[in-house]
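As a plain string of letters, each chain reads:
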Amino acid sequence: ASLRAAQTRLVDLTGWACLQFDERKLPADSYDPKAVNKLVQEIVDALADDLATPKAMSILSALVDATPGVPVKHHEHFINTLEKLDDLFGLELTVQKDVDQEVKDLIAERELAKKANTFKKADDIRAQLLKQGVELLDTPYGTRWKRKTL
């Protein structure tokens, strides 16, 4: 059970790292560099405190939850944050791959279907992408994606 939980957390983290490919138009307040820096420092402090890894992982989850998207103007900061976390945990968050254009087109088509209230079509597209290993996450800032498996 704990191995499955660890794998789920890693899938969530790599999905979060894929925000580096986020093309949604996001308000500037959807990403707070100061709050991100504070949480990263708390992770560093936890690891320095006799390797309090469970505490560090809890803070890392809070960091993921606090970052629903990355506006273009904060992209470089987000990449730097991923690099710091890679240095700390060795998770290779910065080497995640973007989805191909076909997947992006399907995501856009699903957004249009949702706006047109054709929810069956939107659900079918979600299911199709899930079969391809791409999970869609509906957020207040629009739909984002993550890979379902590693």
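Heads up: the structure comes first, above all this text.
Before going into details, it helps to say that this report is about the structure given with it. (Residues numbered from 1 in each chain as written. Predicted model: local features only at pLDDT ≥ 70, side-chain atom pairs only at ≥ 80, totals over all residues. Heavy atoms only, no water.)

## Thoughts on the side chain of Thr81
Here's step 1: Structurally, Thr81 can be placed in helix H4 (residues 75-89).
Here's step 2: Look past the residues within four positions of Thr81 in its chain and what remains in contact with it is Tyr31, Val36, Val40 and Leu63. (Helix = DSSP H or I, 4+ residues; strand = E, 2+ residues; numbered from the N terminus. Contact = heavy atoms within 4.5 Å.)

## Some points on the nonpolar core
Here's step 1: With 24 residues, the main nonpolar core has Trp16, Ile43, Leu60, Leu63, Phe78, Leu82 and Leu85 as its most contacted residues.
Here's step 2: Mapped by element, the contributors of at least two residues to this core are helix H1 (2-17), helix H2 (33-48), helix H3 (53-65) and H4.
Here's step 3: If you look at the next biggest cluster of nonpolar residues, it comprises ten residues, including Cys18, Val103, Leu106 and Ile107. (Core = buried A, V, L, I, M, F, W, Y, C linked by side-chain atoms within 4.5 Å. Buried < 20%, exposed > 50% of the residue type's maximum accessible area, 1.4 Å probe, protein only.)

## With respect to the packing of aromatic side chains
Here's step 1: On inspection of all chains with the given rule, the structure shows three aromatic pairs.
Here's step 2: Judged by centre distance (5.1 Å) and plane angle (80°), the ring pair of Trp16 and Phe78 falls under edge-to-face. In this pair, Trp16 sits in helix H1 while Phe78 sits in helix H4, placing the two residues 62 residues apart along the sequence. Comparing Trp16 with Phe78, the two get one shared label, buried.
Here's step 3: Arranged with centres 6.1 Å apart and planes meeting at 80°, the rings of Tyr31 and Phe78 form a pair that is edge-to-face. On the criterion of sequence distance, the pair formed by Tyr31 in the loop between H1 and H2 and Phe78 in helix H4 is long-range, its members being 47 residues apart. Grouping residues by exposure puts Tyr31 and Phe78 together as buried.
Here's step 4: These aromatic residues form a ring-pair network of at least three members: Trp16, Tyr31 and Phe78. (Phe/Tyr/Trp six-rings, centres within 6.5 Å; stacked < 30°, edge-to-face > 60°.)

## As for H2
Here's step 1: With 16 residues, H2 ought to run about 22 Å at 1.5 Å a step, and its terminal C-alpha atoms sit 22 Å apart, in line with that.
Here's step 2: What H2 keeps buried is the set Val36, Leu39, Val40, Ile43, Ala46 and Leu47. One side of H2 carries all its buried residues, which in axial view fall inside an arc of 120°. Among the exposed residues of H2, those oriented more than 90 degrees off its buried face are Lys34, Lys38 and Ala48.
Here's step 3: Contact partners of the buried residues in H2: H3 and H4.
Here's step 4: Looking one or two residues beyond H2, the residue adopting positive phi is Asp50, at roughly 55°. (Expected span 1.5 Å × (residues − 1). Arc of directions from axis to C-beta.)

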